[in-house]
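So you can see what is in the structure, the chains are spelled out below.
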Amino acid sequence: MRLKTLRWVLAAVAIAVLCAGPALAKDETLMMATTTSTDDTGLLPVLADAFKKDTGITLKWVAVGTGKALEHGRNCDVDVLLVHAPAAEKKFVEDGNGVNRTEVMYNDFVLVGPATDPAKVKGKKAGEALAAIAAAKAPFVSRGDDSGTHKKEKALWKSAGMAVPDKDSWYASVGQGMMKTLNIAGERGTYTLVDRGTYIKYADQAGGKPPLVVLVEGDKPLLNQYSVITVNPDNCENTNFKAAEKFREWLASPKGQMLVGDFTLKGKKLFTPNAAK
């Protein structure tokens, strides 16, 4: 009798394992390298939860500057990228490190500083504002980390007809992510460049009364485009290419784009979807 019971138990376990097989097979993990701005704003957990529900794939990520994110892609450390430095991204793809670059959303950069605005930059074009900061030797804090924001800042100094003033005493390169850089600039009462999404989060954390205010915005060069890139499986044989492509297609789909567009903080939209532009 006991032997017969044991056989029934073993049979039941075997059936349970066989039935669970397909579900377990769907429990994949996708590794992504992305920027600190997508993480700091709180967008990524929203996307990860929805992506998991729709596909069964768990999205995990490391949030770093875009330069470091691209390096992770080149080194085959991740499967997919969500980054915001178009020129560097295009070179990454041209060099054979990535495929299927897809623009998915944007916001913009803003130049922030103390309300007293010692360099009188309010309302100026971005390049003109940086030139005014340099002329006044007004303190400026840079991320200095080869991120998309840092790359944009360097391009803006160039548009002002100047080299990056990284040898001048009024210019500080801190090598930190966006939120940490903002907090440092706020503590010191300096100017800095930031993506609008992170600034909205920063202002909210300060109870709506942040030490730094937006002084320069709306200039065309301040557009901040984000794209998804799948790591090239020809270079990285162990990359989870199928899952990466699922994520890229999902984020560019009506569902993914709706989630991006609906993501707000205190009623303020942090990113604008544009995969279907």
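Our subject is the structure that appears above.
Just so you know, these numbers come straight off a predicted model, no measurement behind them.

## Digging into the packing of helix α8 (residues 178-188) against helix α9 (residues 196-205)
If you want to describe how two helices pack, look at the angle between their axes and the distance between the axes.
Alright, step 1. Where α8 meets α9, the axes come as close as 10 Å, and the angle between the chain directions of the two elements is 55 degrees. Put simply, α8 runs oblique to α9. Once α8 is placed against α9, the crossing between them reads as right-handed. Of α9, the residues touching α8 (which contributes Met-178, Met-179, Leu-182, Asn-183 and Gly-186) are Thr-198, Tyr-199, Lys-201, Tyr-202 and Gln-205.
Alright, step 2. Split into classes, the residues belonging to the contact of α8 with α9 amount to five nonpolar, four polar and one charged.

## Quick word on empty space enclosed by the protein
Alright, step 1. For the structure shown, the criterion picks out two cavities of 30 Å³ or more.
Alright, step 2. Approximately 40 Å³ is the volume attributed to the largest cavity.
Alright, step 3. As for the largest cavity, its lining consists of Leu-111, Ala-126, Leu-130, Glu-153, Leu-156, Leu-193 and Leu-222.
Alright, step 4. Looking at the lining of the largest cavity, the elements with two or more residues in it are α6 (126-136) and α7 (148-159).
Alright, step 5. In terms of residue class, the lining of the largest cavity is made up of six nonpolar, no polar and one charged.
Alright, step 6. Size it by volume and the second largest cavity reaches roughly 30 Å³.
Alright, step 7. When contributions to the lining of the second largest cavity are tallied by element, the ones reaching two or more residues are β5 (140-142), α7 and β7 (192-195).

## A short note on α8
Alright, step 1. Residues of α8 that are buried: Met-178, Met-179, Thr-181, Leu-182, Ile-184, Ala-185 and Gly-186.
Alright, step 2. Buried residues along α8 sit in contact with α2 (36-40), β4 (98-113), β5, α7, β7 and α9.
Alright, step 3. Of the residues trailing α8, Gly-189 is marked for its positive phi of about 70 degrees.

## Quick look at the pattern of salt bridges
Alright, step 1. On inspection of all chains with the given rule, the structure shows 14 salt bridges.
Alright, step 2. Note that Lys-255 is salt-bridged to Asp-54, the shortest N-O span being 2.9 Å. Taken as a pair, Lys-255 in helix α11 (residues 254-262) and Asp-54 in helix α3 (residues 43-55) lie far apart in primary sequence, 201 residues in all.
Alright, step 3. By relative accessible area, Lys-255 is classed as partly exposed at 34%.
Alright, step 4. Owing to a relative accessible area of 41%, Asp-54 belongs among the partly exposed residues under this scheme.
Alright, step 5. A salt bridge links Arg-196 to Asp-108, with the nearest nitrogen and oxygen atoms 2.6 Å apart. Of this pair, Arg-196 sits in helix α9 while Asp-108 sits in strand β4, and the two are 88 residues apart along the sequence.
Alright, step 6. The exposure class assigned to Arg-196 is partly exposed, which follows from its relative accessible area of 23%.
Alright, step 7. Of the residues examined, Asp-108 reaches a relative accessible area of 18% and is grouped as buried.
Alright, step 8. Within the structure, one salt-bridge network assembled from shared partners comprises Glu-89, Arg-101 and Glu-103.

## Here's the deal with the nonpolar core
Alright, step 1. Among the nonpolar cores identified, the biggest contains 28 residues, and Leu-30, Leu-82, Met-105, Phe-247, Trp-250, Leu-251 and Phe-271 are the most heavily contacted of them.
Alright, step 2. Mapped by element, the contributors of at least two residues to this core are β1 (29-35), α3, β3 (80-83), β4, β9 (223-231), α10 (241-252) and α11.
Alright, step 3. Per element, the largest residue contribution to this core is six residues, and it comes from α3.
Alright, step 4. Among residues more than four places away in sequence, those in contact with Phe-247 are Leu-30, Met-32, Phe-51, Leu-59, Val-80 and Val-228.
Alright, step 5. Listed in part, the 21 residues of the second largest apolar core include Val-121, Ala-134, Ala-138 and Trp-170.

What counts, and at which threshold
Residues numbered from 1 in each chain as written. Predicted model: local features only at pLDDT ≥ 70, side-chain atom pairs only at ≥ 80, totals over all residues. Heavy atoms only, no water. Axes fitted to C-alpha atoms, helices over the stretch in contact; angles between N-to-C directions. Helix = DSSP H or I, 4+ residues; strand = E, 2+ residues; numbered from the N terminus. Parallel < 35°, antiparallel > 145°, perpendicular 65-115°, else oblique. Left-handed = near helix turned anticlockwise from the far one by under 90°. Contact = heavy atoms within 4.5 Å. Nonpolar A, V, L, I, M, F, W, Y, C, P; charged D, E, K, R; others polar. 1 Å grid on protein atoms, 1.4 Å probe; cavity = no way out; pocket = protein on both sides within 12 Å on 5 of 7 lines; lining within 4 Å. Points joined across faces, edges and corners; volume = space filled by probe spheres on them. Buried < 20%, exposed > 50% of the residue type's maximum accessible area, 1.4 Å probe, protein only. Salt bridge = Lys/Arg side-chain N within 4 Å of Asp/Glu carboxyl O. Core = buried A, V, L, I, M, F, W, Y, C linked by side-chain atoms within 4.5 Å.

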